[in-house]
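One-letter residues, chain by chain:
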Amino acid sequence: MIGHMIAESEICISIMEIKTQNILYVNNEFFDIFGAKPTDQYNNLCEDWMNNIIHPDERKKHLQYFEQKDFPKHRTYRIIHPQKGIRHIKTYSSNPIVF
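Remember, it's a predicted structure, so these values are computed and weren't measured experimentally. (Residues numbered from 1 in each chain as written. Predicted model: local features only at pLDDT ≥ 70, side-chain atom pairs only at ≥ 80, totals over all residues. Heavy atoms only, no water.)

(A) View of the overall build of the protein chain. Regarding its fold elements, the protein chain presents four helices and four strands. Expressed as a percentage of its 99 residues, the buried residues of the protein chain come to 29%. A fraction of 27% describes how many contacts in the protein chain between residues 6 or more apart in sequence connect residues 24 or more apart. (Helix = DSSP H or I, 4+ residues; strand = E, 2+ residues; numbered from the N terminus. Buried < 20%, exposed > 50% of the residue type's maximum accessible area, 1.4 Å probe, protein only. Contact = heavy atoms within 4.5 Å.)

(B) Structural detail: the packing of aromatic side chains. Tallied over the entire structure, the rule returns two aromatic pairs. Ring geometry for phenylalanine 30 against phenylalanine 31: centres 5.6 Å apart, planes inclined by 85 degrees, an arrangement best described as edge-to-face. Neither residue differs from the other here; phenylalanine 30 and phenylalanine 31 are each classed as buried. Seen in terms of ring centroids, phenylalanine 30 and phenylalanine 34 are 4.8 Å apart; in terms of plane orientation they differ by 40 degrees. Their pairing is tilted. One end of the pair, phenylalanine 30, and the other, phenylalanine 34, are both in helix α2 (residues 28–34), four residues apart, so they sit about a helical turn from each other. For phenylalanine 34, a relative accessible area of 4% corresponds to the buried category. Aromatic ring contacts, followed pair by pair, group Phe30, Phe31 and Phe34 into a single cluster. (Phe/Tyr/Trp six-rings, centres within 6.5 Å; stacked < 30°, edge-to-face > 60°.)

(C) Local environment of the environment of aspartate 70. With respect to the helices and strands, aspartate 70 occurs in the loop between α4 (56–68) and β3 (74–81). Residue aspartate 70 is classed as partly exposed on the basis of its relative accessible area, which comes to 49%.

(D) Main features of the pattern of salt bridges. Counted according to the given criterion, the structure contains three salt bridges. In this structure, lysine 61 engages glutamate 58 in a salt bridge whose closest nitrogen and oxygen atoms are separated by 3.1 Å. Within this pair, lysine 61 and its partner glutamate 58 are both found in helix α4, separated by three residues, close to a single helical turn. Relative accessible area serves as the criterion here: at 31%, lysine 61 is assigned to the partly exposed category. Classification of glutamate 58 by relative accessible area gives buried; the value is 8%. Notably, a salt bridge pairs glutamate 58 with arginine 78, separated by 3.0 Å at the nearest N-O pair. (Salt bridge = Lys/Arg side-chain N within 4 Å of Asp/Glu carboxyl O.)

(E) A look at the side chain of arginine 75. Within the secondary structure layout, arginine 75 lies in strand β3. Glutamate 58 is the oppositely charged side chain nearest to the buried, salt-bridge-free arginine 75, at an N-O distance of 8.3 Å. A polar side-chain atom of arginine 75 sits 3.5 Å from a polar atom in the side chain of histidine 62. Ignoring any residue separated from it by four or fewer positions in sequence, one finds arginine 75 in contact with Trp49, His62, Tyr65, Ile89, Lys90, Thr91 and Ser93. (Lys, Arg positive; Asp, Glu negative; His and termini not counted. Polar contact = N/O pair within 3.5 Å; in protein donor to acceptor, adjacent residues only side chain to side chain.)

Structure representation (structure tokens):
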């Protein structure tokens, strides 16, 4: 039931393993918001997001987050949506959960 509620939510939910930068899960809203194409595997999703969706002026900052494996809990940035053009995104992250 929780999985269904997450999949049908109106907010973007993504789960990433920080150490490997592997995307483990995204809900359908992720694809709508960012204009990404759904795939069965998320292996290249992080790279595609960085190279094709993040606004070029924002990429350096986001690359630093990935390299340092440290993402601010709240950040605002621009993306280039394939159909809707430049969009402003506000991200609120929770504390990382370590297993």
